[in-house]
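Survey of secondary and tertiary structure
One letter stands for each residue in the lines below.
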Amino acid sequence: MIDLVYIAILKANRLRPTTVRLAVLSMISSYEEGTHFTIERICDDLRGNGVRKSIGSVYRTLKEFEDSGLVIRHQFDSIGTVYESSTSTTHDHTVCVACGKIMEFYREEFDSLRKEVVFEARGRLIKHTQTLYVLCDDCL
Ligand SMILES: [Zn+2]
Ligand SMILES: [Zn+2]
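A brief look at the structure comes next. These numbers come from a predicted model, not from an experiment.

In this section: the overall build of the protein. Broken down by element type, the protein carries 5 helices and 5 strands. Counting across all 140 residues of the protein, residues that qualify as buried make up 13%. Counting contacts in the protein only where the partners sit at least 6 residues apart, residues at least 24 apart contribute 41% of the total.

Right, here's the structure in full:
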């Protein structure tokens, strides 16, 4: 039954519901909100569920999901590429340079400043990244 929801989401994003897309989408949807995941984690978790997909096909699927706005890709120093579901609200990140812990934060002031800058540039915001690299309290 639950597959019907994922099939509908894929179709709404003009993606044919192939087995790999369905497997990746349902895995991503099972993660807690605010989870930042790597391709390797998805492959491991799928394998844990008895689903074997090559890292290449999971990579291509995530690229398609990114292009259609289902996931957001981040490139963090010392961690590399992580993804998160785009259902979460606007936020920024702190990343610990020692242990790689990712934390999310939201500041109204940053958000309104960004909107102001985009307005002044007479543009439309497509993507924003703001990452503060820190030493977390565990690593201090
Ligand atoms: Zn740390
Ligand atoms: Zn995030």
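Turning our eyes to something else, we now look at the environment of M27. Its place among the elements puts M27 in helix 2 (residues 19-30). Classification of M27 as buried rests on a count of 20 C-beta atoms within 10 Å. Taking the C-alpha atoms as reference, M27 lies 21 Å from I79; in sequence the two are 52 residues apart. With residues near it in sequence (within four places) discarded, M27 still touches I42, D45 and L46.

Our next topic: the packing of helix 2 against helix 3 (residues 39-48). It is the contact of helix 2 with helix 3, at a shortest axis distance of 10 Å, that shows an interaxial angle of 100°. Classed by the angle they form, the pair helix 2 and helix 3 counts as roughly perpendicular. For the pair formed by helix 2 and helix 3, the contact residues are A23, V24 and M27 on the first element and I42, D45 and L46 on the second. Looking at the contact of helix 2 with helix 3 residue by residue, the class counts come to 5 nonpolar, no polar and 1 charged.

Backbone hydrogen bonds are what pair the strands of a sheet, in a parallel or an antiparallel way. Reading across the sheet, the 3 strands line up as 4-3-5 and stay open at both edges, with mixed pairing between neighbours. Edge positions in the open sheet fall to strand 4 (102-105) and strand 5 (131-134), since each of these has one partner strand only. Going across the sheet, the axis of each strand differs from the next one's by a mean of 25°, ignoring polarity. Here 4 bridges tie strand 3 (residues 92-96) to strand 5, and the two strands are oriented parallel to one another. Bridge pairing links V95 to Y133 in strand 5.

Criteria and cut-off values
Starting afresh in each chain, residues are numbered from 1 along the sequence in its written order. The order in which chains are written sets their letters, starting at A; the order in which ligands are written sets their numbers, starting at 1. Local features in this predicted model are restricted to residues of pLDDT 70 or higher, and side-chain atom pairs are both shown and tallied only at a pLDDT of 80 or more, whereas totals for entire chains, interfaces and linings draw on every residue. The helix count covers DSSP runs of H or I at least four residues long, the strand count covers runs of E at least two residues long, and both are numbered beginning at the N terminus. Three exposure classes are used, based on other C-beta atoms lying within 10 Å of a residue's own C-beta, which is placed from the backbone: buried for 20 or more, exposed for 12 or fewer, and partly exposed in between. Any two residues are considered in contact once their C-beta atoms, placed from the backbone, lie within 7 Å. Under this scheme, a helix contributes an axis fitted over its contacting stretch, all axes are lines through C-alpha atoms, and angles between N-to-C directions fall in the 0 to 180 degree range. We call two directions roughly parallel when the angle between them is under 35 degrees, roughly antiparallel when it is over 145, roughly perpendicular when it lies between 65 and 115, and oblique otherwise. Throughout, the ten residues Ala, Val, Leu, Ile, Met, Phe, Trp, Tyr, Cys and Pro are labelled nonpolar, Asp, Glu, Lys and Arg are labelled charged, and all others, Gly among them, are labelled polar. In short, DSSP must find at least two bridges between two strands for them to pair.

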